[in-house]
Amino acid sequence: MILPRTGIGVDVHAYAPDNDPQPLWLGGLFWEGERGLSGHSDGDCVAHAAADALFSACGIGDLGTHFGTNRPEFAGASGVKLLGEAARIVRAAGFEIGNVAVQFVANRPKFGPRREESQRVLSAAAGASVSVTATTSDGLGFTGRGEGISAVATALVYAVPAAPQSDGASIAPQQG
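This one's a predicted model, so the numbers in the text were calculated from it and none came from an experiment.

Cut-offs and rules
- Each residue is numbered by its place in its chain's sequence as written, counting from 1.
- The predicted origin of the model limits local features to residues at a pLDDT of at least 70 and limits the giving and counting of side-chain atom pairs to 80 or more, whereas totals for whole chains, interfaces and linings rest on all residues.
- Computation of side-chain values covers all heavy atoms of the structure but excludes hydrogens and water.
- Labels follow the DSSP assignment, with helices taken as runs of H or I lasting at least four residues and strands as runs of E lasting at least two, numbered in each case from the N terminus.
- A 3.5 Å cut-off defines polar contacts: any pair of N or O atoms within that distance qualifies, except that in protein one atom must be a possible hydrogen donor and the other a possible acceptor, and neighbouring residues in sequence count only when both atoms are side-chain atoms.
- Any pair of residues with heavy atoms lying within 4.5 Å of one another is described as a contacting pair.
- Think of it this way: DSSP has to see at least two bridges between two strands before they count as a pair.
- An axis is simply a line fitted to the C-alpha atoms; with a helix, the fit covers only the stretch in contact. Between two such axes, the angle follows the N-to-C directions and lies from 0 to 180 degrees.
- Each residue's exposure class comes from its accessible area (1.4 Å probe, protein chains only) as a fraction of the maximum for that residue type: buried when under 20%, exposed when over 50%, partly exposed otherwise.
- The working definition used for a salt bridge is a side-chain nitrogen of Lys or Arg within 4 Å of a carboxyl oxygen of Asp or Glu.

**Regarding the side chain of Asp52**
- Among the structural elements, Asp52 can be located in helix H1 (residues 45–58).
- At 2.7 Å, the side chain of Asp52 and the backbone nitrogen of Leu63 are in polar contact.
- In this structure Asp52 touches Ile8, Gly9, Val10, Asp62 and Leu63, once residues within four positions along its chain are discounted.

Shown next as structure tokens:
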């Protein structure tokens, strides 16, 4: 019997300071005219939380393990690129992705009109269904004060049955 595994990912980014403005990338999309987030990569906390949830579900580390600040090749990297690479790592570890669900908390941008576009971009990167929802914190906390954005994601993965070897042995997927 193949049992699914679930994981949780959380990512938080502060808005970039006024003296170092950044573009806003969120949910795999560029948001013209919106204040961007600071971070080692593009600060896309929706894509980052999705990737972290995938790693969590497989037990193979986290976002910092694979794309941390000690990895200069990921400086400024797109969240979509990181999510695509996370999906590749997950599959290489012997898992397939069922789905990923992400909810972010922010006062802006107005997400509803671009939800489908974001889901298409992120699903293409992951090679699996990614759904995104948005909410506010009713003025409470750092998101309510407009200091940044947070995102929480869940992912469902399952181990891919081992393929038989030509000598009759099989290779089992990594079970973290």
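**A closer look at the sheet that holds strand S1 (residues 4–14)**
- Spatially, the four strands line up as an open sheet ordered S1-S6-S4-S5, and their pairing is mixed. At either margin of the open sheet sits one strand with a lone partner, and together these are S1 and strand S5 (129–135). Neighbour-to-neighbour, the strand axes of the sheet open up by a mean angle of 15 degrees, direction not taken into account.
- Looking at chain direction, S1 and strand S6 (residues 148–159) are connected through eleven bridges and run antiparallel. The residue bridging Gly9 from the neighbouring strand is Ala153, located in S6.
- Where helix H3 (residues 79–92) meets the sheet, it contacts strand S4 (95–105) and S6, and its direction lies at approximately 145 degrees from that of S4.
- Relative to the sheet, helix H4 (residues 115–126) contacts S4 and S5, its axis offset from that of S5 by approximately 140 degrees.

**Quick look at the side chain of His66**
- As for its position among the elements, His66 is in helix H2 (residues 63–67).
- The exposure class of His66 is buried, given its relative accessible area of 16%.
- Ignoring any residue separated from it by four or fewer positions in sequence, one finds His66 in contact with Phe55, Ile60, Gly61, Arg71, Phe74 and Ile89.

**Things to note about the pairing of strand S3 (residues 29–35)**
- As paired strands, strand S2 (residues 23–26) and S3 are joined by four bridges and run antiparallel to one another. Across the sheet, Leu24 pairs through a bridge with Trp31, a residue of S3.

**Quick look at the pattern of salt bridges**
- Counted by the stated rule, this structure contains seven salt bridges.
- Salt-bridge contacts for Arg88 lead to Glu85; the nearest nitrogen and oxygen are separated by 2.7 Å. Of this pair, Arg88 and Glu85 both sit in helix H3, separated by three residues, roughly a single helical turn.
- In this structure Glu85 comes out as partly exposed when scored by relative accessible area, which is 26%.

Read these as layout, nothing more, since geometry by itself doesn't imply function.
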